[in-house]
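Structural overview for review
So the chains spell out like this:
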Amino acid sequence: MSLAPIRASDALKKKLAKLGLHTEADLLVHLPLRYEDETRITELARAFTGEAVQLELRVLNNEIQFKPRRQMVVRACDDSGEITLRFFSFYPNQQAALSEGSRVRVFGEVRGGFFGLEMVHPRFHKIAEGDPLPAEMTPIYPSTAGLATSALQKLIGRALADGDLSETLPDEIRQRLKLPGLARSIHFLHRPPPGTDVDTLHARNHPAWRRVKFDEVLAQQLSLRRAYLARREQGAPVLVAQDDLGARLLDRLPFGLTGAQLRAMAEIAGDLAQPYPMQRLLQGDVGAGKTIVAALAACQTISAGWQAAFMAPTEILAEQHYLKLKDWLEPLGVRVAWLSGSLKSKAKREQLAATAADAQLVVGTHALIQDGVDFARLGLAIVDEQHRFGVAQRLALRKKGSNPHQLMMSATPIPRTLAMSYYADLDVTVLDELPPGRTPIKTRLVADNRRQDVVGFVKKHVEEGRQAYWVCPLIEESEALQLQTAQETYEQLFVDLPGLTVGLVHGRLKADEKQAVMAAFAAGDIDVLVATTVIEVGVDVPNASLMVIEHAERFGLSQLHQLRGRVGRGQYESSCVLIYAGPLGEIARQRLKIIFEHTDGFEIARQDLQIRGPGEFVGARQSGVPLLRYADLEMDADLVEMAREVAEEMLTEHPDLAEKHLQRWLGAREELLKS
Ligand code: ADP
Ligand code: MG
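What you see is a predicted model; the values in this text were computed from it and never measured. (Residues numbered from 1 in each chain as written. Chains lettered and ligands numbered in written order. Predicted model: local features only at pLDDT ≥ 70, side-chain atom pairs only at ≥ 80, totals over all residues. Heavy atoms only, no water.)

What about the domain arrangement of the chain?
Assigned domains within the chain: domain 1 (10-35 + 139-203), domain 2 (41-132), domain 3 (245-431) and domain 4 (441-598). Domain 3 and domain 4 are separated by 29 Å when their C-alpha centres are compared. Listed by partner, the interface residues are 17 residues for domain 3 and 18 residues for domain 4. Summing both partners gives a buried area of about 1,400 Å² for domain 3 against domain 4, and 55% of it is carried by carbon and sulfur. Of all residues in domain 3, Val286, Ile316 and Gln320 give up the largest surface area on contact with domain 4, accounting jointly for 40% of the area buried on that side. Between domain 3 and domain 4 we count one residue pair in polar contact (both at pLDDT 80 or more) in total. Sorting elements by how many residues they give to the side of domain 3 that touches domain 4 places helix 12 (residues 315-329) first, with six residues. Classifying every residue of the side of domain 3 that touches domain 4 gives five nonpolar, five polar and seven charged. (Domains from an automatic or database assignment. Contact = heavy atoms within 4.5 Å. Buried area = accessible area lost by both parts, 1.4 Å probe. Polar contact = N/O pair within 3.5 Å; in protein donor to acceptor, adjacent residues only side chain to side chain. Helix = DSSP H or I, 4+ residues; strand = E, 2+ residues; numbered from the N terminus. Nonpolar A, V, L, I, M, F, W, Y, C, P; charged D, E, K, R; others polar.)

A closer look at the sheet that holds strand 5 (residues 103-109)
As summarised here, the arrangement of the seven strands in space is 6-7-4-3-2-5-8, forming an open sheet in which the pairing is mixed. Sheet topology places strand 6 (111-113) and strand 8 (123-126) at the edges, where each strand pairs with a single neighbour. Adjacent strand axes in the sheet meet at a mean angle of 40°, parallel and antiparallel pairs treated alike. (Pairing = 2+ DSSP bridges. Axes fitted to C-alpha atoms, helices over the stretch in contact; angles between N-to-C directions.)

Notes on the pairing of strand 11 (residues 307-311)
Counted residue by residue, strand 11 has five buried out of five residues, so it is predominantly covered. Burial of strand 11 is two-sided: the residues Gln307, Ala309 and Met311 facing one way and the residues Ala308 and Phe310 facing the other way are all buried. In this sheet, strand 14 (residues 378-383) lies alongside strand 11 in parallel orientation, the contact comprising five bridges. The residue bridging alanine 308 from the neighbouring strand is leucine 380, located in strand 14. (Buried < 20%, exposed > 50% of the residue type's maximum accessible area, 1.4 Å probe, protein only.)

A closer look at the packing of helix 9 (residues 245-252) against helix 11 (residues 290-303)
Across the interface, helix 9 lies against helix 11 with an axial gap of 8 Å and an inter-helix angle of 145°. Counted together, Leu245, Gly246, Leu249 and Leu250 of helix 9 and Ile292, Ala295, Leu296, Cys299, Ile302 and Ser303 of helix 11 form the full contact between these two elements. Split by residue class, the contact of helix 9 with helix 11 holds eight nonpolar, two polar and no charged.

Regarding unusual backbone geometry
The amide bond that connects lysine 67 to the next residue, proline 68, takes the cis arrangement and shows omega of 0°. Its location among the elements puts proline 68 in the loop between strand 2 (52-65) and strand 3 (71-78). The omega torsion of the bond from glycine 582 to proline 583 falls at -10°, within 30 degrees of zero and hence cis. For proline 583, the location among the structural elements is in the loop between strand 22 (574-580) and helix 20 (586-597). Backbone geometry places asparagine 403, a non-glycine residue, at a positive phi of 55°. Mapped onto the elements, asparagine 403 comes out in the loop between helix 14 (391-398) and strand 15 (405-410). With relative accessibility at 25%, the residue asparagine 403 sits in the partly exposed group.

A word on the side chain of histidine 561
Along the chain, histidine 561 turns up in helix 19 (residues 557-564). In this structure histidine 561 comes out as buried when scored by relative accessible area, which is 8%. A polar atom in the side chain of histidine 561 sits 2.5 Å from the side chain of aspartate 285. Residues in contact with histidine 561, not counting those within four places in the same chain, are Asp285, Val286, Ile595, Thr599, Asp600, Gly601 and Ile604.

Now the structure itself:
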C-alpha cells in the first residue's frame, strides 16, 4: 500500500492534513462530493435560468464598478447571445484573464437579471480557440479554506495515474457480494465518463459508490473485530460456580425468569467460565429486568471464589441496587459492601477495608473507581447504564482487578446496524421480552393550560392508593433555575393537593437527604414525588403508576422513554401525562408524536435516530463511527451486515489482505482511535 507521504510543498501539505490527507493512499479515497458537467458547451440562447451550464464566451469588455459595491463586471458573448458575469472579489490575474478579447469557458448557474442574463462568480478558465473539451465530468472535492479545487484535482489525478489500487477483496468474496472491482470503481468516481447519470452519483447509490462504501465499512469492522480478538488473547479468571448460590437466589425470588432472562443468563454463565475476559453488553428496554441477570452473574463469580463489583451512575440508583442486592443476597450469606461519595469517613474506612478483604459483592457509584479503593480479587465488573460512563471510567473499574470479566448494561436500545458499528468490539445480549403481567402504560398529551385537570387526575390516582411522580422541566441553561422551578412546583402542588404528602427530590440535595426521600417514597409515605431528572434512570417503585412530565417538549426521546419507564412496574394500570407548552417546534412535535404512539424502546430509538442522526445518539463512546465518511448507517444498513461477516472471514482466511485493506482505509487514523 502506498503510504508514501504526498509530494507537495509544506504549506500545501498543511492544508491537506486538515482534510485528513497525508499519504498517496489517502488521496485515492478522497472522493468527490459532487460533479459538474464540463464535457459540453451550452449555447447562450439555449440556457435556461436556474440551470448550471458551461458556456464558451468571448469577452466584450471588462470594467470595475463601485456601485452598489465594488465589483468586476464582464460583458461577454457567444454566437447566440450576450451575458453579464459579476465578481465581487477577484485578483488581478483573474482580471487579466477576463480582459477584452479573451476566450474563456465559464461554468455556473444562469440567472435572469435586470440587464438580461447573468452569472455571479462562475468558475472560469482561459482557453485558446479549438481547445478540446474534457472527456469526463469535473469532480468537486471536499476542500478547505485556501485550497483550490484545481490543486486537489491535480494531486488526485497524479495519484490516480501511479497509485496502488490493487484489490483487497478476494475475487470469490467480491463476486458473491456482486460488487465491482476497486480500481474500476475508484477511477469511475473520480472521473465519471460523460453521459453518466449524475443523479445516481449524487445519491451515492451507483454500484461504484456501493463498492467504496462497502470497503469503508469493512475497514471499520475489521478494525473493531481485531481489537475484540486481541482482547481474547488476554487471560482472565475462569469463574466456575462451586456451590448453588445462584439457584438459591432464584428460589427466593417471587417470580420466575423470562425466557429472555434465561437466555441472557446462560450466555453470560458461558462467558464467565472462559479463560479470557467477557466483554458483554446486556441491552434491554427499561424494566426488562437486567438487575437480576447481573445479580446471577455476580453469584457465579462469588461461588467461584472471586469478587464482583456493581457500579451505577447516580447515588440514588446505586443505593437502590445496593438495597435490593443486599435484600436478595445477604440472607444467603453473601457479604455485600457499599461505597459512595457520601459515606462518613468511619463507615467509608470500614467499607474500603471490606472491599480489600472479604466482601464478595461491592456496590457503588463512581466511588468504586477512586484511588485508594482496592479489591482483594475482582473477577467481574458490572456497569449499569454504561452509556452514562466515559471510556476512562469503565477502564478504571477494569483496572481494579487483573483482567476481570465485564458486564455492561444499557436501557438505551439502539438499532441493530448502529449497534454493529458502535458495539462491534463487544458481544451483545438483548433482553427482548418484558416480564409478564405488566400493564401497558397509557400516554396522554396535555397542553399546559389544562394543568389543573392534571392536578385533579393526580388527586384521584392517589385516592385509589397509588403514587405519582411529577417531573419538573429540564432547564438546560441553568441548574439554579431548574432547582427554583422544582421548588416552586413543589410548593404549588403542596397548595393544590391538600391532604396529600408531597415530596421533593433533586440533584442538589445531600446524598443522605436524597436517600431519605427515596426511602419514604418507596415505603409509600410520600404520595407525590416532585423530582428533577435525577429519577431518570433505574428507579423502581412498583406502586408508583403515574408519571407526570412538565414541559415534555424540552426533553429528548430517550429521556422521555426512560422517565416513562419508571411506571408500569407493578400490577396496576399505569399512565404517563406529558404536559407541553406551545408553540411547538417541528422536532419537538415529532418527538411528542413518537413517544405518544410507541412504547417499544427499540422503535423509539429507531425513529430518534432518524430525527437526530447517529452522531449524538449513543453519546461519547470510543467507537468505529468516526471511521465512516461515506457510508450512512441507516441507508447502508445492508452493507454493514455484509461487512461484518466478511470481516470475520478475512481475518481468519486472508489476514494479509485484511491488513492491506486496513492500511488503505485507516492508515494512521486507526492508531489515533486506539490511543
Ligand atoms: P431494568 O432492566 O430496567 O434494570 P429492573 O431490573 O429494575 O429493570 O427490573 C424491573 C422490575 O421488574 C423490578 O421490580 C424487578 O424485580 C422486576 N422483575 C425482573 N424480572 C422479572 C420477572 N422475570 N418477572 C417479574 N418481575 C421481574
Ligand atoms: Mg436498571
